[in-house]
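Chain by chain, the residues run as shown.
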Amino acid sequence: KENGEMPVKNSAQPILIALDGVWSTVSILDWFFEHAKIFKKHKFVIRAHPNVPLQALLNQTLRNLPDNFELSKGDLETNILSCRCVIYRQTSVGIQALISGIPVIHLRVDAPLPCDPIPSLSTLKWTVSTPVELLDALQEIWQLSREEKNIASLAAQQYASDYFSSPNKKKIQAFINESAL
C-alpha cells in the first residue's frame, strides 16, 4: 500500500486457490481440473491447508495438474499479496485476503450445507457455483477501478476486523438473533 491506496493489480497476477483443511477438498481440485480449458487464460496458484498435504490431494485427483495451475511455493502472506484474488470454500484465508484488500470468491460447488465462513459480507466478495459465474466474477474483479477497490477494501477490512474482535453482549445477541432466522 502506498499512501493508503491499494496497488493496481495487473492481469498477469495469479489467482490463489486456498484449499481448506479437510480431505474432501480434493473435490475442489477435481472441479478446477475438469474445467481447466475454460480457465486457460488465467494462471492459478494452489495453496493447501497445513492439515492436508497437497501432494496427497493431487494423488487423489481424477486429472493431472493443468499447465496453467502451479503449486504454492511461498508463505501464505506472500501468496495473498501477490495474487489478483483468492478463491476459497470454507477457510479463513478469505478473511485474511480481505484484511489485505484482496478480493475474494467463495466457491460453492460441493457443499450440501452453507459453509462460507463470511456469509454476510458482500463487499469485495463474490459467490459462484459454476465456471461461467467464476469467469464473470473474475471479469468484474479485473474491471474494478482503483477508487472502487479502495472503497470496497476499507469496508471489507472493517468487516474482517469486526469478525476477529472479542465477543460482547451486543454481538452475542446479534448472533443469536441471526441464528434464529
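Our structure's up above, just so we're on the same page.
Residues numbered from 1 in each chain as written. Predicted model: local features only at pLDDT ≥ 70, side-chain atom pairs only at ≥ 80, totals over all residues. Heavy atoms only, no water.

On to the overall build of the chain, then. Looking only at helices and strands, one finds seven helices and six strands in the chain. Secondary structure elements of the chain, listed N to C terminal, follow the sequence β-α-β-α-β-α-β-α-β-β-α-α-α. Classification of the 181 residues of the chain by burial places 42% in the buried group. Contacts in the chain between residues at least 24 apart in sequence constitute 70% of all its contacts with a sequence separation of at least 6. Element-wise, carbon and sulfur atoms account for 53% of the exposed surface of the chain, whose accessible area totals about 10,300 Å². (Helix = DSSP H or I, 4+ residues; strand = E, 2+ residues; numbered from the N terminus. Buried < 20%, exposed > 50% of the residue type's maximum accessible area, 1.4 Å probe, protein only. Contact = heavy atoms within 4.5 Å. Areas by Shrake-Rupley, 256 points an atom, 1.4 Å probe, with all protein chains shown as cover.)

Note on placement: Ile99 falls in helix H4 (residues 93-99). For the pair formed by Ile99 and Ala156, sequence separation is 57 residues and the distance between their alpha carbons is 7.0 Å.

Time to look at the packing of aromatic side chains. Using the criterion set out here, one finds eight aromatic pairs in the structure. Their ring planes at 55° and their centres at 5.6 Å tell us that Phe32 and Phe44 sit as a pair that is tilted. Of this pair, Phe32 sits in helix H1 (residues 26-34) while Phe44 is found in strand E2 (residues 44-47), placing the two residues 12 residues apart along the sequence. The two residues Phe32 and Phe44 agree in class, both being buried. Centroid distance Phe32 to Phe69: 6.1 Å. Interplanar angle 65°. Geometry classified as edge-to-face. With Phe32 in helix H1 and Phe69 in strand E3 (residues 69-71), this residue pair connects regions lying 37 residues apart in the sequence. An aromatic cluster of three or more residues is present, and its members are Trp31, Phe32, Phe33, Phe39, Phe44 and Phe69. The ring of Trp142 carries the charged tip of Arg84 above its face, separated from the ring centre by 4.2 Å. (Phe/Tyr/Trp six-rings, centres within 6.5 Å; stacked < 30°, edge-to-face > 60°. Lys NZ or Arg CZ within 6 Å of the ring centre and 35° of its normal.)

Another aspect to go through is the nonpolar core. Of all hydrophobic cores here, the largest spans 28 residues; its most connected members are Phe32, Ile105 and Leu134. Where this core is concerned, the elements lending two or more residues are strand E1 (15-18), H1, E2, helix H2 (54-60), strand E4 (85-88), strand E5 (104-107), strand E6 (125-128) and helix H5 (131-143). Ranked by residue count, the leading element in this core is H1, at six residues. Counting 20 residues, the second-largest nonpolar core is a separate cluster that includes Val93, Val104, Leu124 and Ala160. (Core = buried A, V, L, I, M, F, W, Y, C linked by side-chain atoms within 4.5 Å.)

Remember that side chains alternate between the two faces of the sheet whenever the strand is regular. In this sheet, E2 lies alongside E1 in parallel orientation, the contact comprising four bridges. When the sheet's bridge partners are listed, Ile15 is paired in E2 with Phe44. Taken together, E1, H1 and E2 form a β-α-β motif whose crossover is right-handed. Summarising the sheet, E2 and E3 pair through three bridges and their orientation is parallel. Note on E3: the bridge partner recorded for Ile46 is Leu71. One crossover worth recording links E2 to the parallel E3 by way of H2, and it is right-handed. (Pairing = 2+ DSSP bridges. Right-handed = clockwise from strand over helix to strand, strands pointing away.)

Turning to unusual backbone geometry, a few remarks are in order. If you check the backbone angles, Leu124 has positive phi at about 65° while not being a glycine. Inspection of the secondary structure puts Leu124 in the loop between E5 and E6.

Within this structure, the stated rule accounts for one cavity of 30 Å³ or more. Lining of the largest cavity is provided by Ile17, Ala18, Leu19, Asp20, Thr25, Ile28, Phe32, Ile87, Tyr88, Arg89 and Leu107. Put simply, the parts of the chain that give the lining of the largest cavity at least two residues each are E1, H1 and E4. Split into classes, the residues belonging to the lining of the largest cavity amount to eight nonpolar, one polar and two charged. (1 Å grid on protein atoms, 1.4 Å probe; cavity = no way out; pocket = protein on both sides within 12 Å on 5 of 7 lines; lining within 4 Å. Points joined across faces, edges and corners; volume = space filled by probe spheres on them. Nonpolar A, V, L, I, M, F, W, Y, C, P; charged D, E, K, R; others polar.)

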